[in-house]
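Secondary and tertiary structure notes
Take a look at the letters that make up each chain.
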Amino acid sequence: MKKHILVTGGAGYIGRHLCARLAQLGCTPISIDNLTRGDRAAVRWGPLCVGDVRDIQFLRRCIEENDVDTAVHLAAKAYVGESFQDPSSYYDNNVTGMLSLLRAVTGTKVKRIVFSSTCSSYDPSIMEAANESSPVVPSSPYAATKVACEEMLRWFVRANECDVRILRFFNAAGAWPDAGIGEDHNPETHLIPVVVQAGLGRRGPVQVFGGNFPTPDGTAIRDYVHVRDIAEACTRVLQNSVETGRYEIYNLGYGTGVSVMDVLEAASSLIGKPIPFFVGDVRPGDPAVRLACIEKAKRELGWAPVHSSLEGCIASCLEWEQLRTNAESNVIHVRQSKRTLSHRPVERENLGSTKARV
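Read on for a plain summary of the structure.

1. Let's talk about the nonpolar core
Ranked by size, the top nonpolar core spans 40 residues in total, and within it Ile 14, Leu 18, Leu 167, Ile 230 and Leu 252 carry the most contacts. Counting only elements with at least two residues in this core, the list comes to β1 (4–8), α1 (13–24), β6 (163–169), α7 (227–239), β11 (246–252) and α9 (295–301). Apart from the residues within four sequence positions on either side, Leu 252 is in contact with Leu 167, Arg 168, Phe 169, Phe 170, Val 225, Ile 230, Ala 233, Ile 294, Ala 297 and Trp 303. By size, the runner-up hydrophobic cluster in this structure holds 31 residues, among which are Ile 32, Cys 149, Cys 162 and Val 164.

And the structure:
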């Protein structure tokens, strides 16, 4: 694997976890972030280049000065609801950002591009596990920008001698407390941290978006994949040899779905008290079910999720919430639920410059 790897959005949620994993493997991630939603303090495993991915000259300078030949493109606006309110800004940021990166790498040493796409590109009417050949029907402006970027990359491969891998993330969750990193969006919209914060009394009742879906308990079903498993899949791609002209898509999920009520129940069991919630309206673009078929990633990358049980995602999020709010003096005991937990405490690992089927 190349020692210097460009990571756009390196200060973001997934970016910081990927950078920590790259550092474990002896690589130096070169993070690019404009810090509008990223956290400068989370960039601790390599240099941070502060700038916008739409700035072609800035990108080219970062690439050439750091002698990189691989780019992992994570930078994007990623709030589905916001994308309905302001679709033009999503096209400007996400699609223009992709185009600028492709222009910047043309003529440089970069021969591999890994792109973070989304499960929301799939037809929302699909009730079974989607595979990489399932129909693509984006259900939001955000998803439409990701599909546009995928198509841009498909044609780029044909015109340039490069290797492109598309990673369609399902619902990223969890944290890496031992590395001092986790989920910290503002505002926080992801279900698991919202539920955990509600259980800790740090926010009001959880709003459940829709209670009449055609699912066993009426709430939406999602496939949660731990952010550390996502980071591991990215590094598996990077460890493979470059194959010029190759374009591949991989689903990254857990392969098992859980409902909103399942999340509330599991969090209540771990925290030791009921989580307050109320049922509201369905959000635009929300399908009843999002499930991943991950057989291709298992087969071709030798990857399988190891942290992504529901309890594993929630427990790591809970530990992270306690750490980042300096709540060590009032730690809530994480109790063993009635289910068999696959989550185990993470052993201290060498993290470079870091501080000490349901």
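2. What about the side chain of Glu 183?
Mapped onto the elements, Glu 183 comes out in the loop between β7 (171–173) and α6 (191–199). There is no salt bridge for the buried Glu 183, and the closest opposite charge comes from Arg 16, which lies 9.0 Å off by N-O distance. Within the structure, the side chain of Glu 183 is placed 2.4 Å from the side chain of His 190, a separation counted as a polar contact. Discounting residues that sit within four places of it in the chain, Glu 183 has contacts with Tyr 13, Ala 173, Gly 174, Glu 188, His 190, Pro 193, Trp 320, Glu 321 and Arg 324.

3. Considering the packing of helix α4 (residues 87–105) against helix α5 (residues 141–159)
Running from N to C, α4 and α5 cross one another at 20°; their axes reach a closest spacing of 9 Å. In terms of axis orientation, α4 runs roughly parallel to α5. You can see that α4 and α5 cross each other, and the crossing is right-handed. Side by side, α4 and α5 meet where Pro 87, Tyr 90, Tyr 91, Asn 94, Val 95, Met 98, Leu 99, Leu 102 and Val 105 of the first sit next to Pro 141, Tyr 142, Ala 144, Thr 145, Ala 148, Cys 149, Met 152, Leu 153 and Phe 156 of the second. Grouping the amino acids of the contact of α4 with α5 by side-chain chemistry returns 16 nonpolar, two polar and no charged.

4. Notes on the pattern of salt bridges
Considering all chains together, one arrives at 19 salt bridges under this definition. Glu 321 serves as the salt-bridge partner of Arg 324, at 3.4 Å between the closest nitrogen and oxygen. Of this pair, Arg 324 and Glu 321 both sit in helix α10 (residues 310–324), three residues apart, which is roughly one turn of the helix. Residue classification places Arg 324 among the partly exposed residues on the basis of a relative accessible area of 31%. Since its relative accessible area comes to 1%, Glu 321 is described here as buried. A cluster of three or more residues bridged by salt bridges with shared partners is formed by Glu 243, Arg 246, Glu 248, Lys 296 and Glu 300.

Analysis parameters
- Residue numbers restart at each chain and count upward from 1, following the sequence in its written direction.
- Per-residue local features of the predicted model are confined to residues with pLDDT of at least 70, and side-chain atom pairs are confined, for both listing and counting, to 80 or more; whole-chain, interface and lining totals are unaffected and use all residues.
- Water and hydrogen atoms were dropped before computing side-chain values, which therefore reflect all heavy atoms in the structure.
- Buried Ala, Val, Leu, Ile, Met, Phe, Trp, Tyr and Cys residues that are joined via side-chain atoms within 4.5 Å together make up what is termed a nonpolar core.
- Note on classification: 1.4 Å probe, protein chains only; a residue is buried when its accessible area is under 20% of the maximum for its type, exposed when over 50%, partly exposed between these limits.
- Helix and strand assignments follow DSSP, with helices taken as H or I runs no shorter than four residues and strands as E runs no shorter than two, numbered in order from the N terminus.
- The contact criterion used is simple: two residues touch if any of their non-hydrogen atoms lie within 4.5 Å.
- The charge count includes Lys and Arg as positive and Asp and Glu as negative, but it does not include His or the ends of the chains.
- For salt bridges, the criterion is a side-chain nitrogen of Lys or Arg within 4 Å of an Asp or Glu carboxyl oxygen.
- Two N or O atoms count as a polar contact when they lie within 3.5 Å, although within protein this holds only if one can serve as hydrogen donor and the other as acceptor, and sequence-adjacent residues are included solely when both atoms are side-chain atoms.
- Helix axes are fitted to C-alpha atoms over the stretch in contact, other axes to C-alpha atoms as well, and angles between N-to-C directions run from 0 to 180 degrees.
- Oblique is the label for every angle not falling under 35 degrees (roughly parallel), over 145 degrees (roughly antiparallel), or within 65 to 115 degrees (roughly perpendicular).
- Crossing handedness: left-handed means the near helix sits turned counterclockwise from the far one by under a right angle, and right-handed means the same turn made clockwise.
- Only Asp, Glu, Lys and Arg are considered charged in this grouping, and only Ala, Val, Leu, Ile, Met, Phe, Trp, Tyr, Cys and Pro are considered nonpolar; every other residue, Gly among them, is considered polar.

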